[in-house]
There are 2 protein chains.
Amino acid sequence: MKIYDFPIGPYPARVRIALAEKSLQSQISFVLVDLRKGRHKQAEFLSLNYSGTVPVLELEDGTLIAECTAITEYLDALDGNPSLTGKTPREKGLIHMMNKRAEIELLDAISVYFHHATPGLGPDVEIYQNAEWGLRQRDKALKGMVYFDEILRREPFVAGPSFSMADITVIAGMIFADLVKLPVPPSCQALVAWYEAMKQRPSVSNRVAMSRLR
Amino acid sequence: MKIYDFPIGPYPARVRIALAEKSLQSQISFVLVDLRKGRHKQAEFLSLNYSGTVPVLELEDGTLIAECTAITEYLDALDGNPSLTGKTPREKGLIHMMNKRAEIELLDAISVYFHHATPGLGPDVEIYQNAEWGLRQRDKALKGMVYFDEILRREPFVAGPSFSMADITVIAGMIFADLVKLPVPPSCQALVAWYEAMKQRPSVSNRVAMSRLR
């Protein structure tokens, strides 16, 4: 299998963490898509993924699977051990809910802030910016951190008793916050402690180190 | 089981169509959340769903599952027959990809347009609007229609050879387009023909009729 991505990116980190958790890295060859040169918005890449985002998984038969949740579903269904997306209906429902909530309230919000209210990937790539919307999303992300902090005061993981895709998405949010130097609100001690614990997982420590090599 | 929703809403339609496809409606009691009165943004409802969106599924044990994809995953995992989320890894990956793409490029884009560049739910509910962003999202949705039209020129369904969650999300986008009177580009004949075919499904015809009773 082949993955098109940009190694320091927070979204690519989601899939690379999932791959490491499932010990599937050796089955993948990676193809660099240089976001700083805007390659993800050019026709060649758009033919792989209409939405112009990385990562994209290409199967041996040429099937293309974009979107982190979809790629994680694919990888997890290959054997489901350990399970990242849940086994029972209730687990699946809760993991998908918290995964989506982590996107809406944290990761995607920081991404919009980055692309719209900071220089982002630079003027050649960020050809349209809406700073007001970007700042609004930054505030949403800070509020999202407070929400996840409340969850992690009560629970060891984001979506129930074990590590899941939802944890990975919050981790990606924290990686992105670090990249854009968005400070975690001081009240969020449980979130910070959980993130420190997550960094002890080899799947995560490699990603965090990578995102600092920029 | 209980579902908190607003019957004419396009997002609630996603779950109601899934329920009908799986013949599970009789197991659900519905609780009205009056979006026009902003009930979904008030403390009582926010304690059910932090993101302040409908629908929310409440299980017999009190477990709350928000987000349409998560609810559909839950319902589909109860028996998986017919399957809306796929059975093989490849099916799951493709359905989740196209479902997410239908959100990003169509349904969510129309929703942002509605809430930000039209009166939306009215001045008491729409306390912050960013019209420029809303109009940008409208244009994205129109482009999204052209994309899905291209898919449906080649395939009978949005994500492969059978009806799935991804079709439901595009249907919800078309319902929302109709609600906000967003005209489908004239070139999108395959999309329009597919939507007409979808309306022949009892699960869909009831929803389309409902969204017109406003």
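Provided above is the structure to which this section pertains.
Owing to the predicted nature of the structure, the values given are computational and were not obtained by experimental measurement.

### Thoughts on the pattern of salt bridges
Pairs can form between side chains of opposite charge once their charged atoms are near each other.
Here's step 1: Using the criterion set out here, one finds 21 salt bridges over all chains in the structure.
Here's step 2: For Lys22(A), the salt bridge goes to Asp79(A), with nearest N and O atoms at 3.1 Å. Taken together, the residues Lys22(A) in the loop between helix 1 (10–21) and strand 2 (29–32) and Asp79(A) in helix 3 (residues 68–79) connect sequence positions 57 residues apart.
Here's step 3: Of the charged contacts in the structure, one is a salt bridge between Glu103(A) and Lys100(B), with a shortest N-O distance of 3.0 Å. Of this pair, Glu103(A) sits in helix 4 (residues 89–117) while Lys100(B) sits in helix 4 (residues 89–117), which puts the two residues in different chains.
Here's step 4: For Glu103(A), a relative accessible area of 2% corresponds to the buried category.
Here's step 5: Each of the salt bridges in this network shares a partner with another, and the network as a whole consists of Arg14(A), Glu103(A) and Lys100(B).

### Things to note about the relation of the copies chain A and chain B
Here's step 1: Mapping chain A onto chain B is achieved by rotating through 180 degrees and translating by 0.0 Å along the same axis, at an RMSD of 0.0 Å. The symmetry that links the two subunits is that of a two-fold axis. Measuring from the rotation axis to each C-alpha of chain A, the shortest distance belongs to Trp133(A), at 3.7 Å.
Here's step 2: Most of the interface of chain A is mirrored in chain B, where 100% of its interface residues again form contacts.

### As for the pairing of strand 2 (residues 29–32) of chain B
Residues and elements named next belong to chain B.
Here's step 1: Strand direction decides the pairing type here: strand 1 (residues 2–5) and strand 2, joined by four bridges, are parallel. Bridge pairing in strand 2 places Ile3 opposite Phe30.
Here's step 2: Handedness of the strand 1-helix 1 (residues 10–21)-strand 2 crossover: right-handed.

### Concerning the environment of Val180(B)
Here's step 1: Along the chain, the position of Val180(B) falls in the loop between helix 6 (165–179) and helix 7 (189–198).
Here's step 2: Discounting chain neighbours no more than four positions away, the residues touching Val180(B) are Ile110(B), Tyr113(B) and Phe114(B).

### A look at the interface of chain A and chain B
Here's step 1: Across the contact, 38 residues belong to chain A and 38 residues belong to chain B.
Here's step 2: For the chain A and chain B pair, buried surface summed over both sides reaches about 3500 Å², with 60% attributable to carbon and sulfur atoms.
Here's step 3: It is Tyr50(A), Tyr128(A) and Trp133(A) that lose the most area in chain A upon contact with chain B, and together they represent 20% of the buried surface on that side.
Here's step 4: Linking chain A to chain B there are 15 residue pairs in polar contact (both at pLDDT 80 or more).

### Let's talk about the sheet that holds strand 1 of chain B
Sheets are built from strands that pair by backbone hydrogen bonding, the pairs being arranged parallel or antiparallel.
Residues and elements named next belong to chain B.
Here's step 1: Strands sit in the order 2-1-3-4 across an open sheet of four strands; the sheet is mixed. Of all strands in the sheet, those with a lone pairing partner are strand 2 and strand 4 (64–66), marking the two edges. On average, each strand axis in the sheet is inclined to that of its neighbour by 25 degrees, with strand direction left out of account.
Here's step 2: Bridge analysis of strand 1 against strand 3 (residues 56–58) gives three bridges, and the strand direction is antiparallel. Paired with Tyr4 across the two strands is Val56, which belongs to strand 3.
Here's step 3: Most of the contacts of helix 1 go to strand 1, to which it runs at about 150 degrees, and overall it touches strand 1 and strand 2.

### A closer look at the packing of aromatic side chains
The description of two aromatic rings rests on the distance between their centres and on the angle between their planes.
Here's step 1: Scanning the entire structure with this criterion turns up 13 aromatic pairs over all chains.
Here's step 2: With a centroid separation of 6.5 Å and 20 degrees between ring planes, the pair formed by Tyr128(A) and Trp133(B) is classed as stacked. With Tyr128(A) in the loop between helix 4 and helix 5 (131–154) and Trp133(B) in helix 5 (residues 131–154), this pair bridges two chains. Of the two residues, Tyr128(A) and Trp133(B), neither departs from the other in class, the shared state being buried.
Here's step 3: Over the ring of Phe30(A) we find Arg16(A), and its NZ or CZ is 3.8 Å from the ring centre.
Here's step 4: If you follow Arg136(B) out to its NZ or CZ, it ends over the ring of Tyr128(A), 3.7 Å from the centre.

### Considering the packing of helix 4 of chain A against helix 3 (residues 68–79) of chain B
Here's step 1: For the pair helix 4 of chain A and helix 3 of chain B, interaxial distance at closest approach is 8 Å and the crossing angle is 170 degrees. As far as their axial angle goes, helix 3 of chain B and helix 4 of chain A are roughly antiparallel. Each of Pro89(A), Arg90(A), Lys92(A), Gly93(A), His96(A) and Met97(A) in helix 4 of chain A lies in contact with helix 3 of chain B, whose residues at this interface are Thr69(B), Ala70(B), Glu73(B), Tyr74(B), Ala77(B) and Leu78(B).
Here's step 2: Across the contact of helix 4 of chain A with helix 3 of chain B, the residue classes tally to six nonpolar, three polar and three charged.

Rules of the game
- Residues numbered from 1 in each chain as written.
- Chains lettered and ligands numbered in written order.
- Predicted model: local features only at pLDDT ≥ 70, side-chain atom pairs only at ≥ 80, totals over all residues.
- Heavy atoms only, no water.
- Salt bridge = Lys/Arg side-chain N within 4 Å of Asp/Glu carboxyl O.
- Helix = DSSP H or I, 4+ residues; strand = E, 2+ residues; numbered from the N terminus.
- Buried < 20%, exposed > 50% of the residue type's maximum accessible area, 1.4 Å probe, protein only.
- Least-squares fit on C-alpha atoms with pLDDT ≥ 70 in both.
- Contact = heavy atoms within 4.5 Å.
- Pairing = 2+ DSSP bridges.
- Right-handed = clockwise from strand over helix to strand, strands pointing away.
- Buried area = accessible area lost by both parts, 1.4 Å probe.
- Polar contact = N/O pair within 3.5 Å; in protein donor to acceptor, adjacent residues only side chain to side chain.
- Axes fitted to C-alpha atoms, helices over the stretch in contact; angles between N-to-C directions.
- Phe/Tyr/Trp six-rings, centres within 6.5 Å; stacked < 30°, edge-to-face > 60°.
- Lys NZ or Arg CZ within 6 Å of the ring centre and 35° of its normal.
- Parallel < 35°, antiparallel > 145°, perpendicular 65-115°, else oblique.
- Nonpolar A, V, L, I, M, F, W, Y, C, P; charged D, E, K, R; others polar.

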